[in-house]
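A structural walkthrough
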Amino acid sequence: MKQIPLLGAIRAMRSFYFGYIAFLIPLFLVHIGFSTIYVGIYALVATVASSVLVLLSGFLGDLYSRKKTLLIMSALPAFIFISFLVTRNFIIIFATSLLGITFSAIGGGAGGGPIAPILTAFVADKTVPGNRTRIYSLLMIVSIVSAIGGSSTSAVLEKYIPNYFQVLFILALVLNISSIVLTMFLEDTKMEKRESRAPIMPTESSSNIMKIALSGAFGSVGLGIITPIISLYFKDIGLEAYMISIIFTASYIAAGVAVFFASYMERIFGSIYAIGIFRTLGSGLFIIIPFVPPITAGIIYALRTGFYQLALPIRQSFQMELLKPEERARGNSLTGIARRLPYGASTTLGSVLLSTGYIVFMFSFAGVVSILDPVLYVFFFRKYNRMRSREEVNMVEEGHE
C-alpha cells in the first residue's frame, strides 16, 4: 500500500475530530463545573504531559520503531474520550490531562501532540527533499479539509442536539480507533542499527535544534496565552457554541486556502523569508482582536490562522533538511518540548488574565511576544534562504521525483 496516501488517511481521521476537540474540551470542562483558572491548570498539566510523551515518542521513533511508537501514542486519546463519556468525577477528568491531549487547534503553535514528531519524520522518510514541501502542503490540505468537516459537523450538532458533547466524543472515539487500525498497515522505516557507544541525544543536528527550539519557544509563549482558551473568550463576549464552531470552520478554510499557496510563496520569497513574513502576520493580528465586535474578531482570528498555517509546510520541510535523517524524530521531539512547555505555562497565565478581565493586555502580549518567533527564525537561518536550487525545483515540476 502506498505510504503517503495512507498517512493522509490517518491524518484525515485525526484531523476530523481535532477540528472540534481543541475548542470543545475547554467548553466541556466549564460545562461540568471547572472554573476558567482550573481549565488553564488542566491545559498546563496536559501540555507538560504532552511534552514528556513527545520526547518519549521521538526517541522511541528514532531508536526503536516509528510504527510501533505511533500505534502506542495514537491509542492515548481513546482513554480521554471514554473518560469524558462515562464520568463527571473531577479527579478522573483532571487525570485525563496526563494522556497528552493537545489544546492546540490549527494555527495554535504547539504542535499536534505526541504523534506529531513521528508523523513528520515518517513523511520525510518517504519523500525526497525537492518534493517535500509540496507533500507537506498536500497533507496539510487534507488535514484542513477534514478539520473543516469536523468543525462544521460540530456546529450543526451543537445547534440542534442538546447532548452534543456526548455525541461528539463518541464520534471522536470511533475515528481514533479507525486511525489506529489504518496505522497497522504502515510500513515501518528501517532504522540504522545504533552502535552501543553512540550517543542517545542527537549530536550532528544539535546546533540547529537549539536555534529552532529558541525561536519556537517565543512563539509558543505568545500564542499559548490565547489559542487554547480562545473558545472561552468568544463565549465570554456572547457567542454561542455553534457560532464558535463556525469561526473555527472559517479559520480552517482560511488555512486550507493559504497552505495551497505555500510552495509558491516559498519560491517567491525563499523558505526563510516566507516563514518570517507569514508567521509575523499570523501573530500580529492578535493585537487587533479585543478592539473589534465579536463577529469581526472571529473573522480576524480566521485570517491570522490562515497566515500562520501558510508557513507551516515550508517550516516542516526546511526543518527536515536541517536535521540528519537518523535524528529527525528526536530533533522534532526536542523542538516540540521547547514549544509545548512555554505554551502550557502561558495558557495558565492567559486563563488568569481572562478571568480577571485583562483582555487587551492578554492579546497585546500574545501578538508582540509571538512575533519574536519569526524574527529569530529569520535571524538564525537567513543564510539558507535560497537553500533549494532552481534545478531541484525544476526537476520536481517536471515530475522527476
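I will try to describe carefully the structure that is included in this document. (Residues numbered from 1 in each chain as written. Predicted model: local features only at pLDDT ≥ 70, side-chain atom pairs only at ≥ 80, totals over all residues. Heavy atoms only, no water.)

**Some thoughts on the overall build of the protein**
Here is the rule: We count a stretch as a helix when DSSP gives it H or I for four or more residues in a row; a strand needs E for two or more, and each element gets its number in order from the N terminus. Each residue gets one of three labels from its accessible area relative to the maximum for its type: buried under 20%, exposed over 50%, partly exposed in between, using a 1.4 Å probe on protein chains only. For this analysis, residues touch if any pair of their heavy atoms sits within 4.5 Å. Here the accessible surface of atoms and residues is derived via Shrake-Rupley with a 1.4 Å probe, and residues count as covered only by protein chains that are part of the display.
Helix and strand content of the protein: 17 helices and zero strands. Among the 401 residues that make up the protein, the fraction classed as buried is 58%. Long-range pairs, those at least 24 residues apart, make up 88% of the contacts in the protein with a sequence separation of at least 6. Element-wise, carbon and sulfur atoms account for 69% of the exposed surface of the protein, whose accessible area totals about 15,900 Å².

**Thoughts on the nonpolar core**
Here is the rule we go by: What is meant by a nonpolar core is a set of buried Ala, Val, Leu, Ile, Met, Phe, Trp, Tyr and Cys residues, joined one to another through side-chain atoms within 4.5 Å.
Core analysis: the largest hydrophobic core is formed by 63 residues, its most contacted members being I21, Y42, F234 and F363. At 10 residues, the largest contribution of residues to this core is made by helix α1 (residues 3–31). Non-local contacts of F234, meaning those with residues more than four positions away in its chain, are made with L239, I244, I247, A297, G298 and Y301. Core analysis: the next-biggest nonpolar cluster, separate from the first, contains 21 residues, L7, I10, I115 and M320 among them.

**A few points about the side chain of T69**
Within the fold, T69 resides in helix α3 (residues 66–86). Leaving out residues up to four positions away in the same chain, T69 has contacts with S57, L60, G61, Y64 and I118.

**Overview of the packing of α3 against helix α5 (residues 116–125)**
As a reminder, the rule being used: The axes used here are C-alpha line fits, helices contributing only the stretch in contact, and every angle between their N-to-C directions lies in the interval 0 to 180 degrees. Working rule for angles: under 35 degrees goes down as roughly parallel, over 145 as roughly antiparallel, 65 to 115 as roughly perpendicular, anything else as oblique. Each crossing is labelled by how the near helix is turned from the far one, with a counterclockwise turn of less than a right angle marking it left-handed and a clockwise turn marking it right-handed. When residue character is reported, Ala, Val, Leu, Ile, Met, Phe, Trp, Tyr, Cys and Pro are called nonpolar, Asp, Glu, Lys and Arg charged, and the others, Gly included, polar.
Look at α3 against α5: their axes get within 10 Å of each other, and the N-to-C directions meet at 150°. As the angle between them shows, α3 and α5 are arranged roughly antiparallel. Seen along the crossing, α3 lies across α5 with a hand that is left-handed. Each of R66, K67, T69 and L70 in α3 lies in contact with α5, whose residues at this interface are I118, L119, A121, F122 and D125. Across the contact of α3 with α5, the residue classes break down as five nonpolar, one polar and three charged.

**With respect to the environment of F28**
When you line up the elements, F28 lands in helix α1. Classification of F28 by relative accessible area gives buried; the value is 0%. Along the backbone, F28 and V39 are 11 residues apart, and their C-alpha atoms lie at a distance of 9.8 Å. Not counting residues within four places of it along the chain, the set of residues in contact with F28 comprises F84, R88, F165 and F169.

**Observations regarding the environment of F286**
As for its placement among the helices and strands, F286 is situated in the loop between α12 (271–284) and α13 (294–310). Here F286 falls in the buried class, since its relative accessible area comes to 0%. When the C-alpha atoms of F286 and R304 are compared, they prove to be 7.5 Å apart, with 18 residues separating the residues in sequence. Setting aside residues up to four positions removed in sequence, F286 forms contacts with L223, I226, T227, Y301, R304, F363 and G367.

**Describing the packing of aromatic side chains**
Put simply, the rule reads: Any two of the Phe, Tyr and Trp rings considered here, Trp counted by its six-membered ring, make a pair once their centres fall within 6.5 Å; the pair's planes then place it as stacked at under 30 degrees, edge-to-face at over 60, or tilted in between. Any Lys NZ or Arg CZ that is within 6 Å of a ring centre and within 35 degrees of that ring's normal is treated as a charge sitting over the ring.
In total, this model carries 33 aromatic pairs according to the counting rule given. Taking 5.5 Å as the distance between ring centres and 85° as the angle between the ring planes, the aromatic pair formed by Y17 and F81 counts as edge-to-face. A residue pair is termed long-range when its members are at least 10 positions apart, and Y17 in helix α1 and F81 in helix α3 qualify at 64 residues. What makes Y17 buried here is its relative accessible area of 0%. The interplanar angle of 45° and the centroid separation of 6.4 Å between the aromatic rings of F381 and Y384 together place this pair among those described as tilted. The structure contains a cluster of three or more aromatic residues connected by ring pairs, namely Y17, F18, F28, F81, F84, Y164, F165 and F169. In this structure, K159 packs its charged tip against the face of Y160, placed 5.9 Å from the ring centre.

**Some thoughts on a nonpolar patch on the surface**
Inclusion rule: Surface patches are defined over residues having more than 30% relative accessible area and no salt bridge, joining like charges when they lie within 9 Å and nonpolar side chains (Val, Leu, Ile, Met, Phe, Trp, Tyr) when within 5 Å. Counted as salt bridges are all cases of a side-chain nitrogen of Lys or Arg within 4 Å of a carboxyl oxygen of Asp or Glu.
Among the surface-exposed residues, I253, V257, F260, F261 and Y264 lie close enough to one another that they form a single nonpolar patch of about 490 Å² accessible area. Looking at the element boundaries, F261 is found in the loop between α10 (241–260) and α11 (262–269). Its relative accessible area of 38% is what places F261 among the partly exposed residues.

**Overview of the side chain of T87**
Mapping T87 onto the fold places it in the loop between α3 and α4 (90–95). Judged by its relative accessible area of 15%, T87 falls in the buried class. Leave out the neighbours within four places in its chain, and T87 touches I92 and I93.

**Description of the packing of α10 against α13**
Direction vectors running N to C along α10 and α13 enclose 30°, while the axes themselves pass 7 Å from each other. Classed by the angle they form, the pair α10 and α13 counts as roughly parallel. The hand of the α10/α13 crossing is right-handed. Facing M243, I247, F248, A250, S251, A254, A255, A258 and V259 of α10, the residues of α13 in contact are I295, G298, Y301, A302, T305, G306, Q309 and L310. A class-by-class count of the residues in the contact of α10 with α13 yields 12 nonpolar, five polar and no charged.

**Points about α12**
Where we set the bar: To estimate the expected span of a helix, subtract one from its residue number and multiply by 1.5 Å.
With 14 residues, α12 extends 20 Å between its outermost C-alpha atoms, agreeing within 8% with the 20 Å of an ideal straight helix rising 1.5 Å per residue. Every buried residue of α12 is accounted for by S271, I272, A274, I275, G276, F278, R279, G282 and S283. If you follow the buried residues of α12, they end up packed against α11, α13, α14 (312–322) and α16 (359–381).

Purely geometric stuff here, so don't read any function into it on its own.
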